[in-house]
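Chain by chain, the residues:
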Amino acid sequence: MKNQSIKKNLDWTCVIIYSALVIMGWLNIYSSSLSSIEDTYQKQLVFILLTIPLIFIILAIDGKFYEKYASIIFGFALLTLAGLFLFGKTIAGQRCWYAIGSFTIQPSEFAKAATSLAIAKYLSDSQINLKEVNRQVQALAIVFLPVFLILPQPDPGSALIYSIFIIVLYREGLPSWYVWTGFITILLFVLTLVLDPQYVILLALLVILIIHFKSRIPDRNLVFSGILFLVISGFVLSVHYVFQNVFKQHHRDRFNILLGKTVDLKGIGYNTNQSEIAIGSGGWLGKGFLEGTQTKGGFVPEQHTDYIFTTVGEEWGFVGSLFVIALFVSLFLRVIYLAERQKTKFSRVYGYCVAGILFIHFFVNIAMVIGIFPTIGVPLPFFSYGGSGLWGFTILLFIFLKMDANKVNEW
């Protein structure tokens, strides 16, 4: 009866979209790796086949298990991240993997689901009010604990993904100034890299004065406006120091290329340039499956991982790329729709986390591939090569689908 209940209540729309994305992802990995001596597509097929028993295990576990043991799961995820500093394997300068023979596993891919469970567990407490400062600190601590362990690996791409949790917290009552502060900080940082600091400070002063004099009680806000201007000025003046002394050289190069301050088509900008050429060469309908000349020529490095969307653009063209994007957007919207229908706050918040994580991966990866975002190593869900990524996203999604299937038994 329980198996029949799962079959009946499982959201098959999400399952079908998930299956379509995984299959299409493998086809593109197959195409992009044919010119390579590595058996990448064969390994990915094994990873895909192993997701089948993984999904059955997730669905067989009682839905309440994930809520009851969310804190323990999160604690274990933090331990696996911390353990990398002692037992991790370094690949391409990053200490992000555990090695078991020839097999490697990346714990940060699984920590996203664990963090989502922890946030959902924390916010589902009836006593939690995110208008209180101490609750804000506790919620943000859950988000930033894994970030502090991921950044030194170094893995800025995975760390960036956790910024989406701020939107989830905002949806659940976090004051809006957190979101605005983050947005304005990024804007000021980029503007300072493009313009001279004094011009950015003058622009900030102009905006603050306009807001100040439009305020209904300008006298009361005078001190606040002055402090805000000093803080912004201090931040702007520190940007170049941070950029030159905290950022690594390859990060600086990528920002400079993105902002048009440096042109290096044969060096640090090679990947992005070749990616844009490959996508642009696909035209409206693409060159056809296995017919991509840029793909077959191996011009785009890491094309089966972070740059897998270049294969879609070249071989499937604009129409095929639009279809893939439509599938992803359909999945995001479906998960949000299901989240809104949940009967418990825990499963609702977890659903928002699932949609958010999948979306930010999708957005950053494609923005990176088409050259409007720096290259930071963020995989495209269900498409990019890798067992850890595929299993991590599968676990993330199907835990939610299990919760959704179980909602008929909740009050």
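To start, this report covers the structure provided alongside it. (Residues numbered from 1 in each chain as written. Predicted model: local features only at pLDDT ≥ 70, side-chain atom pairs only at ≥ 80, totals over all residues. Heavy atoms only, no water.)

**What to know about the environment of aspartate 155**
Move 1: By the secondary structure assignment, aspartate 155 is in the loop between helix H7 (133-150) and helix H8 (156-161).
Move 2: Between the C-alpha atom of aspartate 155 and that of glycine 93, which follows or precedes it by 62 residues, the distance is 9.8 Å.
Move 3: If we skip the residues at most four places from it in the chain, aspartate 155 touches Gln94, Cys96, Gln106, Ser108 and Ile150. (Helix = DSSP H or I, 4+ residues; strand = E, 2+ residues; numbered from the N terminus. Contact = heavy atoms within 4.5 Å.)

**A word on the packing of helix H11 (residues 197-214) against helix H12 (residues 222-245)**
Move 1: Relative to each other, H11 and H12 sit at 160°, their axes nearing to 10 Å. Relative to H12, the element H11 lies roughly antiparallel. You can see that H11 and H12 cross each other, and the crossing is right-handed. Taking contact as the criterion, the partners of Pro197, Val200, Ile201, Ala204, Leu205, Ile208 and His212 in H11 are, on H12, Leu222, Ser225, Leu228, Phe229, Ile232, Ser233, Val236, Leu237 and His240.
Move 2: For the contact of H11 with H12, a count of residues per class yields twelve nonpolar, four polar and no charged. (Axes fitted to C-alpha atoms, helices over the stretch in contact; angles between N-to-C directions. Parallel < 35°, antiparallel > 145°, perpendicular 65-115°, else oblique. Left-handed = near helix turned anticlockwise from the far one by under 90°. Nonpolar A, V, L, I, M, F, W, Y, C, P; charged D, E, K, R; others polar.)

**A short note on the sheet that holds strand S2 (residues 94-100)**
Move 1: The strand order across the open sheet built from three strands is S1-S2-S3, with neighbouring strands paired in antiparallel fashion. Two strands bound the open sheet, and with one partner strand each, they are strand S1 (89-91) and strand S3 (103-105). On average, adjacent strands in this sheet sit at an angle of 55° to one another, irrespective of strand direction.
Move 2: Bridge count between S2 and S3: three bridges; the pairing is antiparallel. Across the sheet, residue tyrosine 98 finds its bridge partner in S3, namely isoleucine 105. (Pairing = 2+ DSSP bridges.)

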